[in-house]
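Residue-level structure breakdown
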Amino acid sequence: MSLLQVNEVTHSYGNRTFFKWQNRSKKVLSDISFSIEEGTCLGMLGTSGAGKSTLGKVILGLEKPKHGQILFQGHDIYTVDKYTRQKIRRDLQVVFQDSYSAVNPRMTAERIIAEPLENYEKLTLAEQKRTVIELLEKVGLGEKDLKKYPHQFSGGQLQRINIARAVSLKPKLIVLDESVSSLDMVTQTLILELLRELKEDFGLSYFFITHDIKAACMISDTLGVLEKGELIEHYNSKNEFFSSENPVVKEMRGSILAEHPRFRSIRTKSNYI
Amino acid sequence: MGTDKSKVLQVRDLHVQIKAKNGITTLVQDINFELKPGEILGLIGESGCGKTVTSMSILQLLNRKETTIEGSIMLKGQELNGLAEKEMRKIRGKDIAFIMQNPMNAFTPVFTIGHQFVETIRSHTSLNKKQATELAIESMKQVNLPDPGKLLKYYPFQLSGGMLQRVMIAIAASLHPAVIIADEPTTALDVNNQKNVLRHLDKIRSEYGSAILLISHDLGVVSEMADEVAVMQHGKIVEKAGVFQLFDSPKHEYTKKLLNARPTLYLEEPMTNLI
């Protein structure tokens, strides 16, 4: 049994009036099926407006799809009873793009990370503090950061706190919705490396939503490509992505910026005037 | 200090300090670089290393009460540092164009794009409204914007980020500036739009011979565009070299670290060594 199974999910956003569904609804996801195995990472690529984030929300249980089902460890997350759903919540965590808006500005780092622990684990205060410090150290911060507020951290540090909060309950699956996109390149690589380490340590699975092909390739085992709400390609390895003949994928590959000036395509000759 | 005619912008010993309640903090120091016509200088570094402060001090956009700028900034033989605000206004937009990171915030939401475009052109030239509109349409065509006449009637929120960024490049290019300062021009854009925007920026450069100061944290942008690269760390330029030399044989430790920190694909090699 796969950890997460998405079966023929279709979703649309529409404007509802009091009496009827108007037929102007816009289809954002159509007939999407895939699965994520335990301990693997699925990278979901797509341009803006392709429906990546909606798919993320659907998987998290925040947006009920119009058709289809999401099976998490065999349970349909939209029909299970409250008790099971609470258990699923624990195993299903999320890290968003904007690290500042994902935390409460009036809480210290300690309270931010401890919040899920308070809800699920019955720990004494001392134990809780120890766990929080362990988590902070795991993500490259330390005891000195316990009493700091969000505005005292940089974007990269705050994203680490978000990650610490997400892994605090040792979940099975983390949905990463453009989690590294707003960070600068050095921080991006460090966070991706951290995510990769955590994946090994805890046996995590990721659903990694991004438009950055390089980032996706660094962390993903399998890759999917969304285009206008459809899962047009699903690759089991990165090699398949780079040898694919699909025109959309080809265009995507064409948008990768050169790694070395040798491969530059915009300025082919240096033409001084 | 002699000024070389072939250098369009010369920055010498730039120091920027900020006066705060608890003393004076140095933001950037010992910045030296120069731009020749048609040259692109890439300025790279982590966030917070002083890239934007450098560009702001060239444009004299920093708060004059709180910051002190020392050193010399020569634009075509004219000293910009300490120039009166009134004079500076004539230079900004005309001789030095500025392309900002987030096109959504760079436009006023309450006026149409055409209004802002024509206003920019008319404040620097003696063209009348009709001629200015024609010039606007002409330079929008240059950056491949579809149906420019209609676009001018739109408000900024009606366009996508990539389109707005192209409008911004069109505005910058319309007055044929000697220097374009592009502060992270592609960071806020979708990956698919990045190359387009860069391509247009390069087209402007090759057509009008504008020198470009390209500020970015993305080494991909720099390796695509730059002739020369300056690496900044903690407010200082730690290494400056030609783009090929910098990528092939980085000298400074920090440059090596930066180059190692980029996510790599190894397109030629099999992907197996990535996991």
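The model shown is predicted, which means the values in this text are computed figures rather than measured ones.

Looking at the interface of chain B and chain A
Facing the 37 residues of chain B at the interface are 30 residues of chain A. Where the side of chain B that touches chain A is concerned, the elements lending two or more residues are α8 (191-208), α9 (219-225), α10 (243-248) and α11 (253-261) of chain B. Here the side of chain B that touches chain A takes eight residues from α8 of chain B, the largest share from any one element. Classifying every residue of the side of chain B that touches chain A by side-chain character gives 16 nonpolar, ten polar and eleven charged.

Some thoughts on the nonpolar core
If you look at the biggest cluster of nonpolar residues, it comprises 79 residues, and the most contacted ones within it are Val-167, Ile-169, Val-179, Ala-182, Leu-213, Leu-214 and Val-222 of chain B. Here the element with the most residues in this core is helix α7 (residues 161-174) of chain B; it accounts for nine residues. Excluding residues within four positions of it along the chain, Val-222 of chain B makes contact with Gly-42, Ile-44, Leu-214, Ser-216, Val-229 and Val-243 of chain B. With 65 residues, the next largest nonpolar core counts Leu-29, Ile-174, Leu-183 and Met-218 of chain A among its residues.

Quick look at unusual backbone geometry
Here Lys-170 of chain A, not a glycine, exhibits a phi torsion of approximately 50°, which is positive. With respect to the secondary-structure elements, Lys-170 of chain A resides in the loop between α5 (155-167) and β7 (173-177).

Examining the sheet that holds strand β5 (residues 75-76) of chain A
Hydrogen bonds between backbone groups are what pair the strands of a sheet, and the pairing can be parallel or antiparallel. Residue and element names in this part refer to chain A. The sheet built from four strands is open, its strands ordered β2-β1-β4-β5 with antiparallel pairing. Each having just a single partner strand, β2 (26-36) and β5 make up the two edges of the open sheet. The sheet contact formed by strand β1 (residues 4-13) and β2 spans seven bridges and is antiparallel. Counterpart to Val-6 in the pairing with β2 is Phe-34. In the packing of helix α1 (residues 52-60) onto the sheet, contacts are made with β1, β2 and β4 (67-72), and the angle to β1 comes to roughly 120°.

Concerning the packing of α5 of chain A against helix α6 (residues 185-202) of chain A
Residues and elements named next belong to chain A. Running from N to C, α5 and α6 point in directions that differ by 15°, and their axes come no closer than 11 Å. Between α5 and α6, the angle falls in the class roughly parallel. Where α5 crosses over α6, the handedness of that crossing is right-handed. Residues Gly-156, Gln-159, Ile-163 and Val-167 of α5 touch α6, and the partners they reach there are Thr-187, Ile-191, Leu-194, Leu-198 and Phe-202. Its residues assigned to classes, the contact of α5 with α6 shows six nonpolar, three polar and no charged.

Some details on the UniProt feature "domain: ABC transporter" (unreviewed entry) in chain B
In the UniProt entry, the feature "domain: ABC transporter" (unreviewed entry) is given for residues 9-259 of chain B. Structurally, residues 9-259 of chain B comprises 41% helix and 27% strand, and the distance from its first C-alpha atom to its last is 28 Å.

Details of the sheet that holds strand β5 (residues 78-79) of chain B
Residues and elements named next belong to chain B. As summarised here, the arrangement of the four strands in space is β2-β1-β4-β5, forming an open sheet in which the pairing is antiparallel. Strands at the two margins of the open sheet, each flanked by one partner only, are β2 (23-35) and β5. Two strands pair when backbone bridges link them, and strand β1 (residues 9-20) and β2 are joined in this way by nine bridges, in the antiparallel orientation. The residue bridging Ile-18 from the neighbouring strand is Thr-25, located in β2. Taken strand by strand, helix α1 (residues 51-59) contacts β1, β2 and β4 (67-75), and its axis lies near 105° from that of β1.

Some words on helix α4 (residues 113-124) of chain B
Residue and element names in this part refer to chain B. For α4, which comprises twelve residues, the first-to-last C-alpha distance of 17 Å matches the rise-based estimate of 16 Å (1.5 Å per residue) to within 8%. Along α4, the positions that sit buried rather than exposed are Ile-113, Gly-114, Gln-116, Phe-117, Val-118 and Ile-121. Elements in contact with the buried residues of α4: α5 (129-142), α6 (148-151) and α7.

Some thoughts on the packing of helix α3 (residues 109-120) of chain A against helix α4 (residues 125-138) of chain A
Residues and elements named next belong to chain A. One way to put it is that α3 packs onto α4 with a least axis distance of 10 Å and a crossing angle of 115°. One finds that α3 runs roughly perpendicular with respect to α4. Crossing of α3 over α4 shows right-handed handedness. Listed contacts from α4 to Glu-110, Ile-113, Ala-114 and Leu-117 of α3 are Gln-128, Thr-131, Val-132 and Leu-135. Here the residues of the contact of α3 with α4 sort into five nonpolar, two polar and one charged.

Conventions we followed
- Along every chain, residues carry numbers that run from 1 in the direction the sequence is written.
- Following the order in which they are written, the chains are lettered starting with A and the ligands numbered starting with 1.
- At least 70 in pLDDT is required for a residue's local features to be given in this predicted model, at least 80 for side-chain atom pairs to be given and counted, and no such filter applies to totals for whole chains, interfaces and linings, which use all residues.
- In this description, any two residues whose backbone-derived C-beta atoms lie within 7 Å of each other are considered to be in contact.
- Each helix is a run of H or I in the DSSP string that is no shorter than four residues. Each strand is a run of E no shorter than two, and both are numbered from the N terminus.
- Each residue is assigned to one class: nonpolar for Ala, Val, Leu, Ile, Met, Phe, Trp, Tyr, Cys and Pro, charged for Asp, Glu, Lys and Arg, and polar for all the others, Gly among them.
- Among buried residues, those of type Ala, Val, Leu, Ile, Met, Phe, Trp, Tyr and Cys that are joined through C-beta atoms within 7 Å form a set called a nonpolar core.
- Here exposure depends only on C-beta density: within 10 Å of a residue's C-beta, 20 or more other C-beta atoms make it buried, 12 or fewer make it exposed, and intermediate numbers make it partly exposed, the C-beta atoms being placed from the backbone.
- Two strands make a pair as long as DSSP finds a minimum of two bridges between them.
- To get an axis, fit a line to the C-alpha atoms, keeping to the stretch in contact for a helix; angles then go from 0 to 180 degrees between the N-to-C directions.
- Roughly parallel means an angle under 35 degrees; roughly antiparallel means over 145; roughly perpendicular covers 65 to 115; every other angle is labelled oblique.
- Two helices that cross are described as forming a left-handed crossing if the nearer one is turned anticlockwise from the farther one by less than a right angle, and a right-handed crossing if clockwise.
- UniProt positions are given in the numbering used here, feature names are shortened, and annotations may be inferred rather than shown by experiment.
- To estimate how far a helix should extend, the number of its residues minus one is multiplied by 1.5 Å.

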